[in-house]
Amino acid sequence: GSCDIYISYKSGEQWSEALNLGPAVNSAGWDSEPCISADGQTIYFSSERKGGYGKEDVWVTHKNERGEWQAARNLGQTINTEGRE
């Protein structure tokens, strides 16, 4: 995409190599502004991908029980407007 979301994990004093979250999270459009939950299981982010309500919408992805990030979903019209979130 034009901007993708990556993640890195810290173990002790070492950081892992940054990993692209892949097509379940990233789209062909702009995906950015990630915010991860304190438990590391949920990421909220802004995206210009197709299927949104405005220019940039807030989307969410969750880790499954195998530690894989699931397909991102739009947070809907209660959160998103026709503008930029």
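Residues numbered from 1 in each chain as written. Predicted model: local features only at pLDDT ≥ 70, side-chain atom pairs only at ≥ 80, totals over all residues. Heavy atoms only, no water.

Engineer: I'm lost on the packing of aromatic side chains in this one. Help?
Structural biologist: Here the structure, examined in full by the defined rule, presents 0 aromatic pairs. Between Arg49 and the ring centre of Trp59, over which it is positioned, the NZ or CZ distance is 4.8 Å. (Phe/Tyr/Trp six-rings, centres within 6.5 Å; stacked < 30°, edge-to-face > 60°. Lys NZ or Arg CZ within 6 Å of the ring centre and 35° of its normal.)

Engineer: Explain unusual backbone geometry here, please?
Structural biologist: The phi torsion of most residues other than glycine is negative, and most of the peptide bonds are trans. Phi at Glu33 takes a positive value of approximately 60°, unusual for a residue other than glycine. By secondary structure assignment, the location of Glu33 is in strand E5 (residues 31-36). (Helix = DSSP H or I, 4+ residues; strand = E, 2+ residues; numbered from the N terminus.)

Engineer: Just checking my understanding: could you explain the pairing of E5 for this structure?
Structural biologist: Here is the key point about a regular strand: its side chains alternate between the two faces of the sheet. Where E5 lies against strand E6 (residues 42-47), 4 bridges are found, and the strand directions are antiparallel. Paired with Cys35 across the strands is Tyr44, a residue of E6. (Pairing = 2+ DSSP bridges.)

Engineer: What's the story with the pattern of salt bridges in this structure? I'm lost.
Structural biologist: Where charged atoms from two side chains of opposite charge come close, those side chains can pair. Taken as a whole and assessed by the stated rule, the structure comprises 4 salt bridges. Where Arg66 meets Glu65, a salt bridge forms, and the shortest distance between an N and an O atom there is 4.0 Å. A single burial state applies to Arg66 and to Glu65, both of which are exposed. Between Glu68 and Arg66 there is a salt bridge whose closest N-O contact spans 2.7 Å. When its relative accessible area of 37% is taken as the criterion, Glu68 is described as partly exposed. (Salt bridge = Lys/Arg side-chain N within 4 Å of Asp/Glu carboxyl O. Buried < 20%, exposed > 50% of the residue type's maximum accessible area, 1.4 Å probe, protein only.)

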